[in-house]
Amino acid sequence: TVTTNPNTVMAKHEECVKPVERSGRLTAVLALATLISAFGSSFQYGYNVAVINSPSPYMQRFYNTTYLERYDRPMEENLLTLLWSLSVSMYPLGGLFGSLMVAPLVNKLGRKGTLLFNNIFSIVPAVMMGVSEVAKSYEIIIVSRFIVGICAGLSSNVVPMYLGELSPKNLRGALGIIPQLFITIGILSAQVLGIRNILGNSTGWTLMLGLTGIPAVIELLLLPFFPESPRYMLIQRGDEKSAKKALQRLRGSDNVDAELWEMRLEDQSEKAEGRLSVLTLLSQRSLRWQLVSIVVMNMGQQLSGVNAIYYYADSIYATAGVKQNDIQYVTVGTGAVNVFMTIAAVFIVEATGRRLLLLCGFGICCGACVLLTVALYFQESVTWMPYVSIACVIIYVIGHAIGPSPIPYVVTTEMFRQSARPAAFMVAGSVHWLSNFTVGLVFPFMERGLGSYSFIIFSFICLVTLIYILLVVPETKGKTFLEICQMFAKRNKVEIKLGDGDLPLKESKESLQDAVKVTAF
């Protein structure tokens, strides 16, 4: 066994008979697989985030009326508040449970198989919520919100993983943002349908809740016609024939030897490690800084105050003089800005890189929170200050949409190789949903105790996350998964060992003699 450094490893690789690598293109199969999986899964995540906001007065009236019919007395205000809080908070709690299911499911069922299985957690609660008024049961809504939260927890992790493994490296960033784009479209759709004249009223709210099952049915019908992740089939299932066939369909070409070569190399590098559980992942020295990075970015994404900004937006708009009936339209406008900026991120991520978008996004959010604090403080004393508050909300939404919202999913896919990726997404998803739940639970108390100064805390979190990314997180644009692993090798204080192996490059006589293994200094 010969020990060498990462530079020597790369030189050694180049000495091998490596097929000519071509830039991947967006084929019809890849585009449709992306759109169907993102619409069928990610759209629901966003839709269910916002779906109960507009019809909340009518839903709470239903809770009270149902209680009155059961017990011949009106519901106490504290009990109504508790039940409504449960209706809201069960969603992120279900998301946390869904995230804990990611690793075992994607390893057992595959990426596509897990997405198909996950539709159970959407269709069943959609039917339950749709019939809740007829059944005269608010308990059904609370349980359904937990179940559909499991769906969101799974989809928010599995869709980026699936698309990251389907995509060629030159499109991985752009396609990795598509799930976040559909999340924002889901939020906007719920906001539009929640307008009083559409479904956000006393007769339409059950239909509005039940519509979440439609994307799931579409995905269940169409996704089976598209390939499973080639990396999953080759590296975890050892089915090279199916992996090659899937890759040829995705690339629209028979010449996929370069990508298969890279997959085989990754496969050889992981044979000694085997499939990593979460506990094993936490103890892996070679993955230490990758793990810390995804935890920091996912905490920063949720603890940066994005949900609080949305929560506070209606109050800001009302103070600015927007009529109560018009606030819903302004909120829809804010959602549209979010969608537009996420679309922009899809087109610029491969040009600017992931790191720059993260730095710019957290920087904009940090500055917007500081300015919003000042604007809210002077809002009642300076006549034009409410308009500054509205501008700060919009600027914050823009900043979050280009970096903190979409990029952590992309980077989580890229920082880990095949054996560690399911466990890494399980950790990242758990941190994401736990932070989401924490903000929803703590922010009302922060608002009551600190008022406008709450956003100083969010500004500080954005600043800390920005500094960490600046110092630790490298640019991963255009790199293979193995190259990214090598970029972290020095920081993790590990080096690369080359071990003897015999790995065929093609069905011909060509072979790859070296396999990569990671060991500590």
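Definitions and limits used
Residues numbered from 1 in each chain as written. Predicted model: local features only at pLDDT ≥ 70, side-chain atom pairs only at ≥ 80, totals over all residues. Heavy atoms only, no water. Helix = DSSP H or I, 4+ residues; strand = E, 2+ residues; numbered from the N terminus. Areas by Shrake-Rupley, 256 points an atom, 1.4 Å probe, with all protein chains shown as cover. Buried < 20%, exposed > 50% of the residue type's maximum accessible area, 1.4 Å probe, protein only. Expected span 1.5 Å × (residues − 1). Bend = angle between axes of the 7 residues up to and from the residue. Phe/Tyr/Trp six-rings, centres within 6.5 Å; stacked < 30°, edge-to-face > 60°. Lys NZ or Arg CZ within 6 Å of the ring centre and 35° of its normal. Core = buried A, V, L, I, M, F, W, Y, C linked by side-chain atoms within 4.5 Å. Domains from an automatic or database assignment. Contact = heavy atoms within 4.5 Å. Salt bridge = Lys/Arg side-chain N within 4 Å of Asp/Glu carboxyl O. Patch = residues over 30% accessible without salt bridge, like charges linked within 9 Å, V, L, I, M, F, W, Y side chains within 5 Å. Axes fitted to C-alpha atoms, helices over the stretch in contact; angles between N-to-C directions. Parallel < 35°, antiparallel > 145°, perpendicular 65-115°, else oblique. Left-handed = near helix turned anticlockwise from the far one by under 90°. Nonpolar A, V, L, I, M, F, W, Y, C, P; charged D, E, K, R; others polar.

Undergrad: Where do I start with the overall build of the chain in this structure?
TA: Within the chain one finds 24 helices and three strands. Of the accessible surface of the chain, which amounts to about 21300 Å², a share of 64% is contributed by carbon and sulfur atoms.

Undergrad: Could you clarify how one ought to interpret the side chain of R354 in this entry?
TA: Tracing the backbone shows R354 in helix α19 (residues 354-377). On the basis of relative accessibility, which here comes to 1%, the residue R354 falls in the buried class.

Undergrad: Sorry, what's going on with unusual backbone geometry here?
TA: Most of the time, phi is negative for any residue but glycine, and the peptide bond is trans. With a phi angle near 60°, D72 is a residue other than glycine that sits in the positive phi range. Accessibility expressed as a relative area gives 68% for D72, which makes it exposed. Positive phi values are uncommon outside glycine, yet K136 reaches one of about 55°. Here K136 is to be found in the loop between α7 (132-135) and α8 (138-166). Judged by relative accessible area, K136 falls into the partly exposed class, the value being 46%.

Undergrad: Looking at this model, I keep getting lost on helix α5 (residues 102-118). Mind explaining?
TA: Between the first and last C-alpha of α5 there are merely 10 Å, a value that for 17 residues lags more than 12% behind the 24 Å anticipated at 1.5 Å per step. The sharpest bend along α5 reaches about 110° and sits at L109. Counting buried positions along α5 gives 13 out of 17 residues, so the element sits mostly inside the fold.

Undergrad: Help me understand the packing of aromatic side chains, please; the structure alone is not making it clear to me.
TA: Each aromatic ring pair is characterised by the separation of its centres together with the angle its planes make. Under the definition given, this model contains 16 aromatic pairs. Centre to centre, the rings of Y67 and Y71 are 4.6 Å apart; their planes meet at 50°, and the pair counts as tilted. Taken together, the positions of Y67 and Y71, both in helix α3 (residues 56-71) and four residues apart, correspond to about one turn of that helix. Judged by centre distance (6.5 Å) and plane angle (25°), the rings of W289 and Y468 are stacked. Residue W289 is located in helix α16 (residues 288-303), and its partner Y468 is located in helix α23 (residues 454-472); the two are separated by 179 residues in the primary sequence. On the accessibility criterion, W289 (27% relative accessible area) is partly exposed. Here the aromatic residues F62, Y63, W84, Y138 and W205 are joined through ring pairs into a cluster of three or more. In this structure, R70 is placed above the aromatic ring of Y138, and the distance from its NZ or CZ to the ring centre is 4.9 Å. A cation over a ring is seen here: R491 above W289, with NZ or CZ 5.7 Å from the ring centre.

Undergrad: Help me understand the nonpolar core, please; the structure alone is not making it clear to me.
TA: For soluble globular proteins, the rule of thumb is that nonpolar side chains tend to be buried together. Ranked by size, the top nonpolar core spans 122 residues in total, and within it M59, Y63, L281, M415, F416 and F455 carry the most contacts. The element that contributes the greatest number of residues to this core is α8, accounting for 15 residues. Two domains each put at least three residues into this core: domain 1 (26-226) and domain 2 (275-492). Excluding its chain neighbours within four sequence positions, the residues that come into contact with M59 are I52, W84, I141, W205 and L209. In terms of nonpolar packing, the next biggest core, distinct from the first, is built from ten residues, M233, I235, A246 and L260 among them.

Undergrad: Explain the pattern of salt bridges here, please?
TA: Where charged atoms from two side chains of opposite charge come close, those side chains can pair. Within this structure, the stated rule accounts for ten salt bridges. In this structure, E259 and R251 form a salt bridge, with 2.5 Å as the shortest nitrogen-oxygen distance. Take E259: its relative accessible area is 22%, and that puts it in the partly exposed class. Connected through shared salt-bridge partners, R172, E350, R354 and E414 make up one network.

Undergrad: In this structure, what is going on with the environment of K241? I would like to understand it.
TA: Along the chain, the position of K241 falls in helix α13 (residues 240-251). Remark: the alpha-carbon pair of K241 and P230, spanning eleven residues in sequence, is separated by 9.8 Å.

Undergrad: In this structure, what is going on with a nonpolar patch on the surface? I would like to understand it.
TA: On the surface, V370, V374, Y377, F378, L450, Y453, I456 and I457 cluster together into a nonpolar patch covering about 700 Å² of accessible area. Contributing elements (two or more residues each) for the nonpolar patch: α19 and α23. Element by element, the count of residues in the nonpolar patch is highest for α19, at three residues. Here I457 shows up in helix α23.

Undergrad: What is the right way to look at the side chain of T373 in this model?
TA: Note that T373 resides in helix α19. Here T373 is in contact with S452, Y453, F455 and I456, once residues within four sequence places are set aside.

Undergrad: Just to check I follow, could you spell out the environment of Q180 for this structure?
TA: When you line up the elements, Q180 lands in helix α9 (residues 172-193). The spatial distance from the C-alpha of Q180 to the C-alpha of S405 is 7.0 Å, given a sequence separation of 225 residues. Look past the residues within four positions of Q180 in its chain and what remains in contact with it is T342, S405, P406 and Y409.

Undergrad: Got a minute to help me understand the environment of V431 in this structure?
TA: With respect to the secondary-structure elements, V431 resides in helix α22 (residues 421-450). The buried category is assigned to V431, whose relative accessible area is 16%. With 136 residues separating them along the chain, V431 and V295 place their C-alpha atoms 6.5 Å apart.

Undergrad: Where do I start with the packing of helix α6 (residues 120-130) against α8 in this structure?
TA: Two quantities define a packed helix pair, namely the angle between the helix axes and the distance between the axes. Where α6 contacts α8, the axes come no closer than 8 Å and their chain directions differ by 160°. Compared by their axis directions, α6 and α8 come out roughly antiparallel. The two elements α6 and α8 cross, and the hand of that crossing is left-handed. On α8, the residues that touch F121, S122, P125, M128 and M129 of α6 are I140, V143, S144, R145, I147, V148, I150, C151 and L154. Looking at the contact of α6 with α8 residue by residue, the classes come out as eleven nonpolar, two polar and one charged.

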